Amino acid sequence: DYLSQYNKLDYKSCDKRPIQFICGHVFAEKKCKQRVEEIFRNIILFTYRKDFTSPLDSVSKKTGKPKKLNTDFGWGCMIRCGQMMLANALLIHLKRVIFNKNFNALSMSGVEESDVYENLEKEVISKFLDNKCGKESPFSIKEITDQGLECFK
């Protein structure tokens, strides 16, 4: 589980600093491990993918011949990091916009806030899917690399 890496963090440092910021959340209390874990459970994470069409070619070290890549392992880490930052920033921003503009409408309609946020999260994630392209998924790794290749022709 991805939280295991965060369990190794030294949470005693939370006691030494009066205020900390993590992913847009402010921590001013003495004990913050539980809140940090809760935040990390709700962060959108992307990882390496395989078996998808890569827009990049590679050269085989054994044969010296060109080969088509079908994974982003070894070259996609910075793009995936950028995707995670953008996805989480969009989610935080859109949640605030929806909550601030529609608070009264949501509370009067009986729609659960968690349902709205879950649908919003699915919509944000759909913009990063690797198996779709173009306007449907403008932040997919294929779209990002296509734009990069176009810029550096």
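Cut-offs and rules
- Residues numbered from 1 in each chain as written.
- Predicted model: local features only at pLDDT ≥ 70, side-chain atom pairs only at ≥ 80, totals over all residues.
- Heavy atoms only, no water.
- Helix = DSSP H or I, 4+ residues; strand = E, 2+ residues; numbered from the N terminus.
- Buried < 20%, exposed > 50% of the residue type's maximum accessible area, 1.4 Å probe, protein only.
- Contact = heavy atoms within 4.5 Å.
- Areas by Shrake-Rupley, 256 points an atom, 1.4 Å probe, with all protein chains shown as cover.
- Core = buried A, V, L, I, M, F, W, Y, C linked by side-chain atoms within 4.5 Å.
- Phe/Tyr/Trp six-rings, centres within 6.5 Å; stacked < 30°, edge-to-face > 60°.
- Salt bridge = Lys/Arg side-chain N within 4 Å of Asp/Glu carboxyl O.
- Arc of directions from axis to C-beta.
- Polar contact = N/O pair within 3.5 Å; in protein donor to acceptor, adjacent residues only side chain to side chain.
- Disulfide = S-S within 2.5 Å.
- pLDDT = per-residue confidence, 0-100.

Asks: Just to check I follow, could you spell out the overall build of the chain for this structure?
Replies: The helix and strand tally for the chain stands at 6 helices and 4 strands. Ordered by position in the sequence, the α and β elements of the chain form the string α-α-β-β-α-β-β-α-α-α. The burial tally for the chain puts 27% of its 153 residues in the buried class. When contacts within the chain are restricted to residue pairs at least 6 apart in sequence, those whose partners lie at least 24 apart make up 47%. For the chain, the computed accessible surface area is about 11200 Å², with 58% contributed by carbon and sulfur atoms.

Asks: Can you help me understand the nonpolar core in this one?
Replies: Nonpolar side chains tend toward joint burial in soluble globular proteins. Within the largest apolar cluster, 8 residues are counted, these being Ile44, Phe46, Met84, Ala87, Leu91, Leu120, Val124 and Phe128. Broken down by secondary-structure element, the contributors of at least two residues to this core are α4 (77-109) and α5 (113-126). Tallying contributions element by element places α4 first for this core, with 3 residues. The contact partners of isoleucine 44, leaving out residues within four places of it in the chain, are Met84, Ala87, Asn88, Leu91, Glu121, Val124 and Ile125. Of all hydrophobic cores here, the second largest spans 5 residues; its members include Cys32, Val36, Ile39 and Phe40.

Asks: Sorry, what's going on with the packing of aromatic side chains here?
Replies: A ring pair, where both rings are aromatic, is described by two values, the distance of the centres and the angle of the planes. All chains considered together, the criterion is met by 3 aromatic pairs. Where phenylalanine 46 meets phenylalanine 128, the ring centres are 5.2 Å apart and the plane angle is 35°; that geometry is what we call tilted. Here phenylalanine 46 is found in the loop between α3 (33-41) and β3 (57-59), whereas its partner phenylalanine 128 is found in the loop between α5 and α6 (141-151), with 82 residues between them in sequence. Put simply, the rings of Phe46, Phe128 and Phe139 pair up and form one aromatic cluster.

Asks: I would appreciate a short explanation of the pattern of salt bridges in the present structure.
Replies: Pairs can form between side chains of opposite charge whenever their charged atoms are close. In this structure the tally under the stated criterion is 6 salt bridges. A salt bridge links aspartate 146 to lysine 142; its shortest N-O distance comes to 2.8 Å. With a gap of 4 residues between them, aspartate 146 and lysine 142 both fall in helix α6, about one helical turn apart. Each of Arg49, Asp72, Arg80 and Asp130 takes part in salt bridges that share partners, so that together they form one network.

Asks: Would you mind showing me how to read α3 here?
Replies: At 3.6 residues per turn, the α-helix brings residues three or four places apart onto the same side. Those residues of α3 that sit buried are Val36, Glu37, Ile39 and Phe40. All buried residues of α3 project into a common sector of 160° when viewed along the axis, lining one side.

Asks: Would you explain the side chain of serine 137 in this entry?
Replies: Secondary-structure assignment places serine 137 in the loop between α5 and α6. For serine 137, a relative accessible area of 0% translates into the label buried. Among residues more than four places away in sequence, those in contact with serine 137 are Ser126, Lys127, Phe128, Leu129, Lys132 and Glu143.

Asks: Just checking my understanding: could you explain the side chain of aspartate 72 for this structure?
Replies: Mapped onto the elements of the fold, aspartate 72 is located in the loop between β4 (66-68) and α4. There is a polar contact of 2.7 Å between the side chain of aspartate 72 and the backbone nitrogen of arginine 49. A polar contact is formed between the side chain of aspartate 72 and the side chain of arginine 80, at a distance of 2.6 Å. If near-sequence neighbours (up to four positions away) are discounted, aspartate 72 is found in contact with Thr47, Tyr48, Arg49, Phe52, Arg80 and Ile141.

Asks: How should the state of the cysteines be read in this particular structure?
Replies: Here a disulfide denotes a covalent bond joining the sulfur atom of one cysteine to the sulfur atom of another. Evaluation of the coordinates by the stated rule reveals 0 disulfides. Of all cysteine sulfurs in the structure, the one in cysteine 77 sits closest to cysteine 81, which takes part in no disulfide; the separation is 6.3 Å. Classification of cysteine 81 by relative accessible area gives partly exposed; the value is 36%.

Asks: Would you mind showing me how to read the confidence of the model for the chain here?
Replies: Any segment with low pLDDT has predicted coordinates that should not be analysed in fine detail. Mean pLDDT over the chain: 75, with 68% of residues reaching 70 or higher. The secondary-structure element of the chain with the lowest mean pLDDT is helix α2 (residues 13-16), recorded at 54, while α6 shows the highest, at 85.

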